Each structure stands twice: as C-alpha cells, then as structure tokens.
2 protein chains.
Amino acid sequence: MSEHTIRAFDADLGELARMVAEMGGLAEKEIADSVMALARRDVELAQKVIALDPSVDSLQRAIEEKAILTIARRQPMAVDLRDIVGSLRVSNDLERIGDLAKNIAKRVLALDADIAFSQVVRGVEEMTKLVLAQVKRVLDAYASRDVDKALDVWRRDEEIDAVNNSLFRELLTYMMEDPRNITSCTHLLFCTKNIERMGDHATNIAETVHYMVEGRPLADERPKGDDTASFTALARV
Amino acid sequence: MSEHTIRAFDADLGELARMVAEMGGLAEKEIADSVMALARRDVELAQKVIALDPSVDSLQRAIEEKAILTIARRQPMAVDLRDIVGSLRVSNDLERIGDLAKNIAKRVLALDADIAFSQVVRGVEEMTKLVLAQVKRVLDAYASRDVDKALDVWRRDEEIDAVNNSLFRELLTYMMEDPRNITSCTHLLFCTKNIERMGDHATNIAETVHYMVEGRPLADERPKGDDTASFTALARV
C-alpha cells in the first residue's frame, strides 16, 4: 500500500472503532435505563429506551456498510482484515443487546406491581449491575485489544448464570405461593432471561476480541454453553 | 473483470449460495426435531438437536470467511456486493434460529409432563408448523431472489404472533389453575417465545431478500416490531 492508502485505511479503521464505541455507549445506556424503568415502573423512561433502539440498529447497518466498503476498497490482509470482521461481529452483538433491552422496556408498559415484584426486582437490579460491568469491561477490552481482559469477562459469565438460576427459583416460588403473582413473575422471568442473554453477548464479544488479536477462535468450551443447570433448577423447584 | 475473473467470481457466489442452502436445511431440521422432541419428550432426539448445533455454527463462520475473502479478492459492486452481504445476514439469522431450537431441546431434558402439558403442546406444534412453513418459504425466496414471496413471508408474521398470544394466555391460565403446572408451563412459555422469535428471523431474512434485489431497506414498519399485544395479553390474564 502507498503511504496515502495506508493513511486512508487507518482513517477507515479509526472510524469503524469510533462507530462501535458509540454503539457500545448506546447499548450500555439501554441496559441501564431499561432495568431502571423496570424497577421504578417508569413508563416514560421505558418509552425512551424503545425510542432509542432504532439509532442502535442504524449504527449497526452503518458499521456493516463501512466495513464491507473498506474490505472491498483496501483488500486488507491478516490482522487488519480481522479487525474489520471484529467490528462486524461486535456490532451484531451490540444490536442484540439493544433488542433485549428494548424487550424489557416493552414489558414495563404492561407490568403490574404485586407482592413478589418488589422483593424480586432488587435481585434483577443486582444481576443487571453484573451484566453492565461485563459489557463495559468487554468494550474496554475491544477498544484496547486486551485479550486478558476479554478472557476475564469470558470466565465471569458463570457468576451471572448462578445469579440467574437463583432468581429463577425465587420467581417460581412466588408463583406457586400465590397465583396473583404469576403474571408479573412471568414478565420478570423473561426480563431475567434477557439480562442473562446480554451477558452471553458480552462473552461473544470477548471471543471476538480473542479472534482479532490471536487470529484463531477460543479453543476451550465456552462457559455460556452450559445452561442445563438453570433448566434443571427450574425442573426441581 | 476478465472472463476468467468473472467465472471465478460466479463460482464464489454459487458456493456461498450452496452453503446458505445447506445451513438452511440444517436449521429447518433443528426446528422440526426440537419441537418433535418436546412433544414426545424424546430425550434422545433432543440430544441429537443439541449435537447438531455446532455444525450450524461452523457453517456460519465458513460463510463469513468465504464472503469476506470474496469481497476482498473480487471487489464486487452493487448487486453482486449486496448478494454477498445478503449471505452474511441470512447466515446470521439461521444461526440464531439454530440456537433457539437448541434451547428448546435443552428444556426437553428437564421437562416433566403434567395435565397442562399435553393440552398445550398441540398448540405449540401447530405454531411450529406455521413457523417452519415461513422459514421454508423465505429460504425459497432467498434462493430464487423472489421479492414477492419474501414480502408474503414478511406480512404473515402477524399470524404467528396471534397464535403466540393465545398460547401465552392459555399457559398462564393453567398456571393459575394449579401450581403444579407452573414448572412445565414456564418451560413451554420459553419454548413458545423461542418459536415466535424464529418467525422474527424469517421476517429478517425476508427483509434481506428485499434489500438484495431492490438495493434499499423495506420502508414500511416491520410487523415483528409490535409485540405489545402479547405483553398486554399477559397483563390482562
């Protein structure tokens, strides 16, 4: 590549990184706001989350377009190519995270509070803090191409699964205790599941960082694969 | 492009189309088998579905690699570029469909049958037939670049949402009637939600076919966006 081409290519990569960072910021906001809206049953905030989601989707399409055009124009090899593929993959996961947050926000619009709700929702907030910390850390790892930090996120997904399992049990108990809890607990079951899946997307991003830097997929069994425990927990309650 | 390059490029596109078709076949099999395993509580078949899923994931990675290399090597423009981007998008949706089917299969391993189960599971099977027909049709539309057929799939997603809403109500009623139904009904709630989301991915693929052929995104509000009805139905039971 000529010096000019190299500069132009670096500018393309920089722009892609900036767009992914912007998308990451929006996804983090959607996570935090959707669960805050849930905890406070704040319909107005929930509607803001729903209204924000199309911006996240547009950013994903813009990243895809920019990535594809950069590949076609510059024909990058090896680490540069992986960098661009990485931005495609990360933006896919961020779009999914935004979608899950939007889904939680939509449930806020339909939610009635009951006895179980106020007791369980604190657990949901705690779980969200864990997931949000994972998302922040993995976006840092992505921005700095830090494989160790990414692997750390990858390993910590088990904690979230454990919290998820215990919330599941708790919710089912409330449902069995009093049928009037069933509707709101069902909403919370789905919200909890969505938050757990945000955690899975954080581990996906961790895998992408590993692939970008090391040039090969993570060999170990991923922690997220095993959610049999949660299903078994469900069956046992 | 020289004649040789054009031939090589056509071979690349043909190979991508073949890989997406293969992936589509596997995803269809996962849908059908996971719900058959659920209906019959067939643990062995469920395990086969779980064992099949990594092949779907590998195919997605292979399609991504092939697509990216083809873009870098041939620098296609316009409709050819959209064709390749389309294969990337469709393979993403098929991977998600496979994941949702695997998730249903995992629940089979933890499921107990009770009174509600046998009554509701027929509805789940009917819903799956609708979704499977949607997936088949949209993969046909993709293979033949048939926008009208794709739009037809896109519009029909509402039917699936309606069936989903009525199953949701039914499940909640069983849970309220007898707390012993709660565990299995919770599993079925998640299975039903997964099947509905498979339908959403079929509409995504329909949008991709539209984009590939027309070169612009679908302007209308997509039908899948509005699942408020399902949440409201939940709240009302």
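Please read these numbers as outputs of a predicted model, since none were measured by experiment.

A. Focus on the overall build of chain A. Helix and strand counts for chain A stand at 7 helices and 0 strands. Listed N to C, the secondary structure of chain A is α-α-α-α-α-α-α in terms of helices and strands. Intrachain contacts of chain A at a sequence separation of at least 6 include 83% that bridge at least 24 residues. Working note: accessible area of chain A is about 9700 Å², and carbon and sulfur atoms make up 50% of it.

B. Fine view of the pattern of salt bridges. Residues and elements named next belong to chain A. In the structure shown here, the tally under the stated rule is 34 salt bridges over all chains. Between Lys 102 and Asp 99 there is a salt bridge, with the nearest N and O atoms lying 3.7 Å from each other. Placement of both Lys 102 and Asp 99 in helix 3 (residues 78-108) is noted, with a separation of 3 residues, approximately one turn of the helix. Connected through salt bridges with shared partners, the residues Asp 12, Lys 66 and Arg 74 form a single ionic network.

C. Expanded view of the packing of helix 2 (residues 43-74) of chain A against helix 3 (residues 78-108) of chain B. Between helix 2 of chain A and helix 3 of chain B, the shortest axis-to-axis distance is 12 Å and the interhelical angle comes to 125°. The orientation of helix 2 of chain A relative to helix 3 of chain B falls into the category oblique. Judged by the twist between their axes, the crossing of helix 2 of chain A over helix 3 of chain B is right-handed. Between helix 2 of chain A, through Arg 61, Glu 64, Ile 68 and Leu 69 of chain A, and helix 3 of chain B, the contact on the second element is made entirely by Leu 81, Val 85, Leu 88 and Arg 89 of chain B. Residues belonging to the contact of helix 2 of chain A with helix 3 of chain B are distributed by class as follows: 5 nonpolar, no polar and 3 charged.

D. Inspection of helix 3 of chain B at higher detail. In this model, helix 3 of chain B (31 residues) spans 46 Å end to end at C-alpha, consistent with the 45 Å of a helix rising 1.5 Å per residue. In terms of burial, helix 3 of chain B is largely enclosed, as 27 of its 31 residues are buried.

E. Here's a closer look at the packing of aromatic side chains. Taken as a whole, this structure holds 3 aromatic pairs over all chains when the rule is applied. With 5.9 Å between their ring centres and 20° between their planes, Phe 168 of chain A and Phe 190 of chain B make a pair best called stacked. Of this pair, Phe 168 of chain A sits in helix 5 (residues 147-177) while Phe 190 of chain B is found in helix 6 (residues 182-214), placing the two residues in two different chains. Both residues of the pair, Phe 168 of chain A and Phe 190 of chain B, belong to the buried class.

F. Region of interest: unusual backbone geometry. Residues and elements named next belong to chain A. Although it is not a glycine, Arg 41 sits at a positive phi angle of roughly 45°. With respect to the element layout, Arg 41 can be found in the loop between helix 1 (3-40) and helix 2. On the basis of relative accessibility, which here comes to 38%, the residue Arg 41 falls in the partly exposed class. In this model, Arg 145 sits at a positive phi of 50°, which is unusual for a non-glycine residue. Judged by relative accessible area, Arg 145 falls into the partly exposed class, the value being 26%.

G. Inspection of the environment of Val 153 of chain B at higher detail. Residue and element names in this part refer to chain B. Relative to the elements of secondary structure, Val 153 occurs in helix 5 (residues 147-177). For Val 153, a relative accessible area of 0% gives the class buried. With 127 residues separating them in the primary sequence, Val 153 and Leu 26 have C-alpha atoms 20 Å apart. Excluding residues that lie within four positions of it along the chain, Val 153 makes contacts with Gln 134, Arg 137, Val 138, Ala 202, Thr 203 and Ala 206.

What counts and how
Residues numbered from 1 in each chain as written. Chains lettered and ligands numbered in written order. Predicted model: local features only at pLDDT ≥ 70, side-chain atom pairs only at ≥ 80, totals over all residues. Heavy atoms only, no water. Helix = DSSP H or I, 4+ residues; strand = E, 2+ residues; numbered from the N terminus. Contact = heavy atoms within 4.5 Å. Areas by Shrake-Rupley, 256 points an atom, 1.4 Å probe, with all protein chains shown as cover. Salt bridge = Lys/Arg side-chain N within 4 Å of Asp/Glu carboxyl O. Axes fitted to C-alpha atoms, helices over the stretch in contact; angles between N-to-C directions. Parallel < 35°, antiparallel > 145°, perpendicular 65-115°, else oblique. Left-handed = near helix turned anticlockwise from the far one by under 90°. Nonpolar A, V, L, I, M, F, W, Y, C, P; charged D, E, K, R; others polar. Expected span 1.5 Å × (residues − 1). Buried < 20%, exposed > 50% of the residue type's maximum accessible area, 1.4 Å probe, protein only. Phe/Tyr/Trp six-rings, centres within 6.5 Å; stacked < 30°, edge-to-face > 60°.

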